[in-house]
Amino acid sequence: MKSLVQEMLDLSRAEQVDIHYKHELTDVKNIINQVFNNFSMIHPDFVFNLDDDLAGNVMVQIYRNHFEQILIILLDNAVKYSTNRKEIHISVAEDLYDIQIAIQDFGEGIAPEDLQKIFNRFYRIDKARSREKGGNGLGLAIAKELLDGYQGNITVESVLDFGTIFRIRLPIYREEK
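Draft legend 1. A look at helix 6 (residues 139–149). Listing the buried residues of helix 6 in full gives Gly139, Leu140, Ala141, Ile142, Ala143, Leu146 and Leu147. Of the residues one or two after helix 6, glutamine 151 is the one with positive phi, at around 60°.

Spelled out as structure tokens, the structure:
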């Protein structure tokens, strides 16, 4: 019950990012490295690969804790829904306007009919399986709401029994002159 209340509060706050956090800046490389290192330590039975194609430090206009929370939600799901191949790939790249981050697992995958529903509040693909793995069906809804609030987006590609790739995009912060 406590985690449900906390996630509901997180979701409520995510709906108000433009009011409270619109001037926050975060260094992408710093946070990705921190979360990558944390997950590598917490889950020593997994292989985490980081493919960092950033030329240097890149800033995005997002509150540091929110960026971290999005990455944790996606990596936690990747760990939770992995099967025999305990390997997770994280890649980060930039183009002229955006940062793109992809998180890929080689787990259970998601059926095509569930792909768009997974971002809905409280949606769980298999209620029995979700209960045993924990969670309230709010993590992806929180991640999507946060990204929407910072003019970013999230997409998903998946094949049943082969894994899932979540892709997030955030605009690069450019100082106005």
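There is more to say after this.
Draft legend 2. Inspection of a nonpolar patch on the surface at higher detail. Side chains of Leu25, Met59 and Tyr173 sit close together on the surface and give an oily, nonpolar patch of about 220 Å² of accessible area. Position of leucine 25 relative to the elements: it lies in the loop between helix 2 (17–20) and strand 1 (26–27). A residue is classified by how much of its surface remains accessible, and leucine 25, at 36% relative accessible area, is partly exposed.

Draft legend 3. Highlighting the sheet that holds strand 7 (residues 163–171). Strands sit in the order 2-4-5-7-6 across an open sheet of five strands; the sheet is mixed. Whereas interior strands pair on both sides, the edge strands pair on one side only; in this sheet they are strand 2 (47–52) and strand 6 (153–159). Taking each pair of neighbouring strands and ignoring which way they run, the sheet shows an average axis angle of 15°. Two elements, strand 6 and strand 7, share seven bridges in a ladder whose sense is antiparallel.

Draft legend 4. Broad picture of the packing of helix 3 (residues 28–42) against helix 4 (residues 64–80). Between helix 3 and helix 4, the shortest axis-to-axis distance is 10 Å and the interhelical angle comes to 35°. Helix-helix and strand crossings are classified by hand; for helix 3 and helix 4 the assignment is right-handed. On the side of helix 3, the interface is formed by Val28, Asn30, Ile31, Ile32, Gln34, Val35 and Phe39, while helix 4 contributes Arg64, Phe67, Glu68, Leu71, Ile72, Leu75, Asp76 and Val79. For the contact of helix 3 with helix 4, the class distribution of residues is ten nonpolar, two polar and three charged.

How each quantity is defined
Residues numbered from 1 in each chain as written. Predicted model: local features only at pLDDT ≥ 70, side-chain atom pairs only at ≥ 80, totals over all residues. Heavy atoms only, no water. Buried < 20%, exposed > 50% of the residue type's maximum accessible area, 1.4 Å probe, protein only. Helix = DSSP H or I, 4+ residues; strand = E, 2+ residues; numbered from the N terminus. Patch = residues over 30% accessible without salt bridge, like charges linked within 9 Å, V, L, I, M, F, W, Y side chains within 5 Å. Areas by Shrake-Rupley, 256 points an atom, 1.4 Å probe, with all protein chains shown as cover. Salt bridge = Lys/Arg side-chain N within 4 Å of Asp/Glu carboxyl O. Pairing = 2+ DSSP bridges. Axes fitted to C-alpha atoms, helices over the stretch in contact; angles between N-to-C directions. Left-handed = near helix turned anticlockwise from the far one by under 90°. Contact = heavy atoms within 4.5 Å. Nonpolar A, V, L, I, M, F, W, Y, C, P; charged D, E, K, R; others polar.

These figures come from the coordinates and say nothing about function on their own.
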